[in-house]
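Observations on the model geometry
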Amino acid sequence: MPTRRDITALLAASLMIPGQGFSQSVDLYQLQRDLINGTPAEFFAALKTIKQRGLPDMAAGLIASMRFTNGPNSNISKALSAITGEKDAQSWFDWMLWQERNPQVIPDPSFIKFKREIFLAIDPNFKIFLDPQDIQPDAMRIRLEEITWGGRSQGWHSFARCS
């Protein structure tokens, strides 16, 4: 019997239907999670799906993932280049600077939940700053995608246990 991970990897790998374009039913939130705590197969399937989708709205999720993934950042950087057209950025810091210079790239709505989950796994006190009712991108003075963790990554491993 296939596991949930097997099914997710197969679904992600089969999203392109020849001659019919990209399926819009993909779970973008789960793809972002797979970049951090998925199996290697899920990690690469998520990157492939994001690249095939070809929209820059996943850039913020990819950049955030670079900071906390066990997967190769070089592959995430290649995916970012594919969806944004940026060829000079390589490191997480380079991509953060790119993101700062490109406020016109609006993250997919799933990024809010993803970013909040990452930060709450690092430190539950982030709920004070990232309360869902306060995360209204149009009303924020600082863009959510530019908020970053400035301390140690201690505790982020609990993210893998979040559901």
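Structural notes, computed from the coordinates. Nothing here was measured: the structure is a model prediction, and the numbers come from that model.

**A closer look at the overall build of the protein chain**
- Within the protein chain, the regular secondary structure consists of 7 helices and 2 strands.
- Along the chain direction, N to C, the helices and strands of the protein chain fall in the order α-β-β-α-α-α-α-α-α.
- Expressed as a percentage of its 163 residues, the buried residues of the protein chain come to 43%.
- Contacts in the protein chain between residues at least 24 apart in sequence constitute 70% of all its contacts with a sequence separation of at least 6.
- Surface exposure of the protein chain reaches about 9,200 Å², of which carbon and sulfur atoms provide 56%.

**As for the packing of helix α2 (residues 28–37) against helix α3 (residues 40–53)**
- In contact at an axis separation of 8 Å, α2 and α3 are set at 135° when each is read in the N-to-C sense. When the axes of α2 and α3 are compared, the pair comes out oblique. At the point where α2 passes α3, the crossing takes the left-handed sense. Contacts between α2 and α3 involve L28, L31, D34 and L35 from the former and E42, F43, A46, L47, T49, I50 and R53 from the latter.
- Residues that form the contact of α2 with α3 fall into these classes: 7 nonpolar, 1 polar and 3 charged.

**Thoughts on the packing of aromatic side chains**
- Inspection of the entire model under this criterion finds 2 aromatic pairs.
- Between F43 and F44, the aromatic rings sit 5.0 Å apart at their centres with planes inclined by 90°, giving edge-to-face as the arrangement.
- Look at F44 and you get partly exposed, because its relative accessible area is 40%.
- Over the aromatic face of W92 sits the side chain of R67, whose NZ or CZ is 4.4 Å from the ring centroid.
- The ring centre of Y29 lies 4.3 Å from the NZ or CZ of K113, which sits over that ring.

**Focus on α3**
- With 14 residues, α3 should cover 20 Å at 1.5 Å per step; its first-to-last C-alpha distance of 20 Å lies within 8% of that length.
- Those residues of α3 that fall on the buried side of the exposure criterion are E42, F43, A45, A46, L47, T49, I50 and R53.
- A positive phi of about 75° marks G54, the residue just after α3.

**Here we look at helix α7 (residues 110–122)**
- Taking 1.5 Å of rise per residue, 13 residues should cover 18 Å, and α7 covers 19 Å from first to last C-alpha, within 8% of that figure.
- Looking at α7, one finds that the buried residues are S110, F111, F114, K115, E117, I118, F119, A121 and I122.
- Those residues of α7 hidden inside the fold are in contact with α2 and α4 (59–68).

The rules behind these values
Along each chain, numbering runs from 1 in the same order as the chain's sequence is written. Residue-level local features of this predicted model are given only where pLDDT is at least 70; pairs of side-chain atoms are given and counted only at 80 or more, and the full residue set underlies all totals for whole chains, interfaces and linings. The basis for the side-chain values is all heavy atoms of the structure; hydrogens and waters are excluded. Each helix is a run of DSSP H or I of at least 4 residues and each strand a run of E of at least 2, with the numbering of both proceeding from the N terminus. Three exposure classes are used, based on accessible area relative to the maximum for each residue type with a 1.4 Å probe and protein chains only: buried under 20%, partly exposed in between, and exposed over 50%. For this analysis, residues touch if any pair of their heavy atoms sits within 4.5 Å. The Shrake-Rupley method, run with a 1.4 Å probe sphere, supplies the accessible areas, and residue values consider only the shown protein chains as cover. The angle between two axes is taken between their N-to-C directions and runs from 0 to 180 degrees, where each axis is a line fitted to C-alpha atoms and a helix contributes only its stretch in contact. Any angle from 65 to 115 degrees is called roughly perpendicular, while one under 35 is roughly parallel, one over 145 is roughly antiparallel, and all others are oblique. Take the far helix as your reference; a near helix turned counterclockwise from it by less than a right angle gives a left-handed crossing, and one turned clockwise gives a right-handed crossing. Under the convention adopted here, Pro, Cys and the residues Ala, Val, Leu, Ile, Met, Phe, Trp and Tyr are nonpolar, Asp, Glu, Lys and Arg are charged, and Gly plus all remaining residues are polar. Whether two aromatic rings pair depends on their centres lying within 6.5 Å, for rings of Phe, Tyr and Trp, where Trp uses its six-membered ring; planes under 30 degrees apart make the pair stacked, over 60 edge-to-face, and the rest tilted. Each ring is checked for a lysine NZ or an arginine CZ that lies within 6 Å of its centre and within 35 degrees of its normal; such an atom marks a charge sitting over the ring. Helix span, expected: 1.5 Å multiplied by one less than the number of residues in the helix.

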